[in-house]
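# A look at the structure
If you want the building blocks of each chain, they are given just below.
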Amino acid sequence: MMEYMSKVAESGSGGADAELSVEERNLLSVAYKNVIGARRASWRIVSSIETKEESKYTKESDVVRLIQKYKGNVEKELSDICDRILKLLRDHLEETSSSGESKVFYKKMKGDYYRYLAEFKGGEARKNAAEETLLAYKEAENIASNELAPTHPSASASRSTFPCFTTRSSTPPSERATWPRRLSTRPSRSWTPSARSPTRIPPSSCSSSAITSRCGPATWLTSSPGVARRTPTRK
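Structure report, in brief. Within each chain, residues carry numbers counting from 1 in the order of the written sequence. Only residues with pLDDT of at least 70 get local features here, since the model is predicted, and only at 80 or more are side-chain atom pairs given and counted; chain-wide, interface and lining totals rely on the full set of residues. Only hydrogens and water are removed before side-chain values are computed, so all heavy atoms of the structure are retained for them.

## What about the pattern of salt bridges?
Charged atoms that come close allow side chains of opposite charge to pair. Any carboxyl oxygen of Asp or Glu within 4 Å of a side-chain nitrogen of Lys or Arg constitutes a salt bridge here. Within this structure, the stated rule accounts for 13 salt bridges. Here Arg-65 ties to Glu-60 by a salt bridge, and the two come within 2.9 Å at their closest N and O atoms. Residue classification places Glu-60 among the exposed residues on the basis of a relative accessible area of 55%. We call a residue buried when its accessible area falls under 20% of the maximum for its residue type, exposed when it is over 50%, and partly exposed in between, using a 1.4 Å probe and counting protein chains only.

Encoded structure:
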């Protein structure tokens, strides 16, 4: 699907009239998201395994080296996919976009894939990818605020990407790799009826004249600690 939608995007760059439709843009986005999503998940899992094995063995062990080799292959695939869609956006899609919606869509898409590069890159490459991500998101937000309504879905999407970007960009890749494991071991909080404080009703606040006249004397029973329940005793 990624191959076919790439050809559609390349062949449709003949001018303003050749701009991709909404359906074609969505298909292009889904095609690349499906491919890149599987690699990102694989990278996080492999990185988590690498961290776990390094604590058991040394970094020079055969097991860790094998994991690092496989991780390098995943990172190469991630780089190739990101570079391909970024080149497609730069050479074909951004120059043909005329409406505000399509401009925001492509700018946000550009920022997303630079963000994916910043997730696993290191050193200067990570810094450059983070800067490009921030620039693309800012451009998308500026276009959305000038050309789209505040309630437009594309405008809302452009505003929601900043928290995700700032959280991930400020966290080293080695620490982000442990997020799934840390979240899975977080203790869950479940509500139980015993957690609520029982409401005490003093006996003086209840009138027992009607109950006594029809059913006889009332008896106080304790169903749970600290909670009194008044039950009439029938004759």
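## Details of a nonpolar patch on the surface
Residues Met-1, Leu-27 and Val-30 make up a contiguous nonpolar surface patch of about 260 Å² in total accessible area. What counts as a helix is a DSSP run of H or I of at least four residues, what counts as a strand is a run of E of at least two, and both are numbered from the N terminus. With respect to the element layout, Val-30 can be found in helix H2 (residues 22-56). The class for Val-30 is partly exposed, based on a relative accessible area of 40%. Within the patch definition used here, like charges are joined within 9 Å and nonpolar side chains (Val, Leu, Ile, Met, Phe, Trp, Tyr) within 5 Å, considering only residues with over 30% relative accessible area and no salt bridge. Computed with a 1.4 Å probe, the accessible areas rest on the Shrake-Rupley method; for each residue, only the protein chains presented here act as cover.

## Considerations on helix H1 (residues 2-11)
Every α-helix carries 3.6 residues per turn, so stepping three or four residues along brings you back to the same face. Taken residue by residue, H1 has Met-2, Met-5, Ser-6 and Ala-9 as its buried positions. Along the axis of H1, the buried residues cluster in a sector spanning 105°; they form a single face. Facing away from the buried side of H1 by over 90 degrees, the exposed positions are Tyr-4, Lys-7 and Ser-11. The contact definition used throughout considers only heavy atoms, calling two residues in contact when any of these lie within 4.5 Å. Check the buried side of H1 and you find it contacts H2 and helix H3 (62-96). An arc is given here, and it is the one of the directions from the helix axis to the C-beta atoms.

## Regarding the environment of Asp-83
Take Asp-83: it is sitting in helix H3. On the basis of relative accessible area, Asp-83 is assigned to the partly exposed category, the value being 44%. Measuring from C-alpha to C-alpha, the distance between Asp-83 and Tyr-113 comes to 8.4 Å, with 30 residues separating the pair along the chain.

## Quick notes on the nonpolar core
One broad trend across soluble globular proteins is that nonpolar side chains are buried collectively. If you look at the biggest cluster of nonpolar residues, it comprises 29 residues, and the most contacted ones within it are Leu-28, Tyr-32, Leu-93 and Tyr-113. Secondary-structure elements contributing two or more residues to this core are H1, H2, H3 and helix H4 (100-120). Buried Ala, Val, Leu, Ile, Met, Phe, Trp, Tyr and Cys residues form a nonpolar core when they are joined through side-chain atoms within 4.5 Å.

## Points about the packing of aromatic side chains
Two aromatic rings from Phe, Tyr or Trp, using only the six-membered ring of Trp, form a pair when their centres are within 6.5 Å; if the ring planes differ by under 30 degrees the pair is stacked, by over 60 it is edge-to-face, and anything between is tilted. Enumeration over the complete set of coordinates arrives at 3 aromatic pairs. Between Phe-105 and Tyr-106, the aromatic rings sit 5.8 Å apart at their centres with planes inclined by 80°, giving edge-to-face as the arrangement. Taken together, a centroid distance of 5.0 Å and an interplanar angle of 80° make the contact between Tyr-113 and Tyr-116 edge-to-face. Of this pair, Tyr-113 and Tyr-116 both sit in helix H4, separated by 3 residues, roughly a single helical turn.

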